[in-house]
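# Geometric and topological summary
The primary structure of each chain is shown beneath.
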Amino acid sequence: MCPAHLPDPLSLDWDLTPGKPALATVRGVDDLAGARAWLTAARPGLTAALHTHGAVHLRGLPLTEVGDVAEVRDVLIPEATPYREKATPRSDFGQGVYSSTDLPASQRIHLHNENSYTLTFPGLLLFACLIAPEEGGATPVADCRTVLSLLPAHLVAKVRTAGWLLSRSYSDHISTDWQSAFGSDDRGAVERYCAQNLIAHAWQEEGSLRTGQLRPGIITHPTTGQEVWFNHLVFWNEWSLDEELRETLLDEFGRDGLPFNTAFGDGSPLTQEDLATIQAAYDAATVRERWQPGDLLLVDNILTAHGRDPFHGDRRIAVAMGAPVQLADCRPTVEPSAAFA
């Protein structure tokens, strides 16, 4: 039980305002020791709420620095997940805590499930606000059960039977280099990783690397038994790029040289209409809450996709991830394999 001077974690009053994630304000927790004790007692209830809502937003915890985030992470997500096949720049804050992303503030980050393209991915994500931006910068989330239900039957059927393909070209100039992405400058180690993780790979003449992988786009949550839309199909598709940037990259590098691209698992490309349809389903399912210092957002990474709104001003959102899940335990509708589009 929670100590007598702390609020009862079983009596959390969830605010379910439409358009916002499930939010509860924690009152009477004034120090980190109290926060740890309260979260320990609240963890079963938070897990149940996650399975219902997909993401939960807690307000009122005394989180002010990276060390605080690491301590509550150890309570809520004691088993870490390595950050594999890196794709976007992050700052390492230390203690297994990172920045959410270091991409420019003006750039919107499309909704996605973290590491949906890997064979082992984090089951839980923790976001904590240390500095709230002056404007914008929310971390929007969307229930992937709802996304799946909103998509037209023909698109669902295609992804259910064929899955999706991811192609990446690693470069020092236009994307993440392969050394950073795989955490090694040893070609042999990268080749072994690709072989073990069902990733096709091809070294280019200039020393860069191209990879391809087939993954399921629909999986089942191992605890709730619910099917979800789980992929980076929109996030990394060429049609998600700014039009001028897309044309420039295509002219310079060709479609196979794009830093990333996606297709349906049978090799057929997404049309602009396909992308707009999927994006509309995400938009309809999206909820957001403006960050306040000390806020904590806990996300079930299978049930819920997340992104980032553009922002102005300083923004410091710390992230930790863990509770690793094996794709094989999620009843994938397509078996993963190494494949180029």
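Attention here is on the structure that accompanies the text. (Residues numbered from 1 in each chain as written. Predicted model: local features only at pLDDT ≥ 70, side-chain atom pairs only at ≥ 80, totals over all residues. Heavy atoms only, no water.)

### A short note on the overall build of the chain
Counting its secondary structure elements, the chain contains eight helices and 20 strands. Relative to the globule expectation of 20 Å for 341 residues, the C-alpha radius of gyration of the chain, 20 Å, shows essentially globular dimensions. Across its three principal directions, the C-alpha atoms of the chain cover 65 × 45 × 40 Å. In the chain, which comprises 341 residues, the proportion classed as buried is 55%. A separation threshold of at least 6 residues defines the contact pool for the chain, and within that pool the share at least 24 residues apart is 81%. Carbon and sulfur atoms make up 49% of the accessible area of the chain, which amounts to about 14700 Å² in all. Of the charged side chains in the chain, 26 are positive and 44 negative; the average position of the first set lies 3 Å away from that of the second. (Helix = DSSP H or I, 4+ residues; strand = E, 2+ residues; numbered from the N terminus. Rg over C-alpha atoms; globule rule 2.2 N^0.38 Å. Buried < 20%, exposed > 50% of the residue type's maximum accessible area, 1.4 Å probe, protein only. Contact = heavy atoms within 4.5 Å. Areas by Shrake-Rupley, 256 points an atom, 1.4 Å probe, with all protein chains shown as cover. Lys, Arg positive; Asp, Glu negative; His and termini not counted. Charge placed at Lys NZ, Arg CZ, Asp CG, Glu CD.)

### What about the sheet that holds strand E8 (residues 141-143)?
Spatially, E5-E17-E8-E15 is the arrangement adopted by the four strands of the open sheet, whose pairing is antiparallel. Each edge of the sheet is formed by a strand with only one pairing partner; in this case those strands are strand E5 (109-112) and strand E15 (286-287). Sheet analysis places E8 next to strand E17 (residues 304-308), joined by three bridges and oriented antiparallel. Across the sheet, the residue bridging to Ala142 is Ala305, located in E17. (Pairing = 2+ DSSP bridges.)

### Things to note about the nonpolar core
Ranked by internal contacts, the top residues of the largest apolar core, which has 38 residues, are Trp229, Ile278 and Tyr282. Broken down by secondary-structure element, the contributors of at least two residues to this core are E5, helix H3 (144-150), helix H4 (153-162), strand E9 (164-170), strand E12 (218-220), strand E13 (227-229) and helix H8 (272-285). When residues in this core are grouped by element, the largest group, five residues, is from H8. If you look at the next biggest cluster of nonpolar residues, it comprises 32 residues, including Val66, Leu126, Leu130 and Leu298. (Core = buried A, V, L, I, M, F, W, Y, C linked by side-chain atoms within 4.5 Å.)

### Points about the sheet that holds strand E16 (residues 296-300)
As summarised here, the arrangement of the seven strands in space is E1-E2-E16-E6-E19-E4-E3, forming an open sheet in which the pairing is mixed. Edge strands, defined here as strands with exactly one partner in the open sheet, are strand E1 (22-25) and strand E3 (92-94). On average, adjacent strands in this sheet sit at an angle of 25° to one another, irrespective of strand direction. As defined by bridge partners, E3 adjoins strand E4 (residues 97-99) across two bridges and the pair is classed as antiparallel. Along E4, the bridge assignment pairs Asp92 with Tyr98. (Axes fitted to C-alpha atoms, helices over the stretch in contact; angles between N-to-C directions.)

### Section: helix H1 (residues 32-53)
The first and last C-alpha atoms of H1 sit only 26 Å apart over 22 residues, clearly below the 32 Å expected at 1.5 Å per residue. The sharpest bend along H1 measures roughly 55° and falls at Arg43, with the proline Pro44 sitting one to four residues further on. All buried positions along H1 are accounted for by Leu32, Gly34, Ala35, Trp38, Leu39, Ala42, Leu46, Ala49 and Leu50. Here the buried face of H1 lies against strand E2 (55-59), helix H2 (66-76), strand E6 (120-131) and E16. Taken from the residues just after H1, Gly54 is the one with a positive phi, measuring 85°. (Expected span 1.5 Å × (residues − 1). Bend = angle between axes of the 7 residues up to and from the residue.)

### Quick notes on the pattern of salt bridges
A complete count under the given rule lists 14 salt bridges for this structure. Between Arg108 and Asp283 there is a salt bridge, with its nearest N and O atoms 3.6 Å apart. Remark: Asp283 occurs in helix H8 and Arg108 occurs in the loop between E4 and E5; sequence separation between them is 175 residues. Relative accessible area serves as the criterion here: at 39%, Arg108 is assigned to the partly exposed category. In this structure Asp283 comes out as partly exposed when scored by relative accessible area, which is 43%. (Salt bridge = Lys/Arg side-chain N within 4 Å of Asp/Glu carboxyl O.)

### Focus on unusual backbone geometry
In this structure, Ala323 takes a positive phi of about 55° despite not being glycine. Tracing the backbone shows Ala323 in strand E19 (residues 316-326). Even without being a glycine, Arg331 presents a positive backbone phi close to 45°. Looking at the element boundaries, Arg331 is found in the loop between E19 and strand E20 (337-338). Residue Arg331 is classed as exposed on the basis of its relative accessible area, which comes to 59%.

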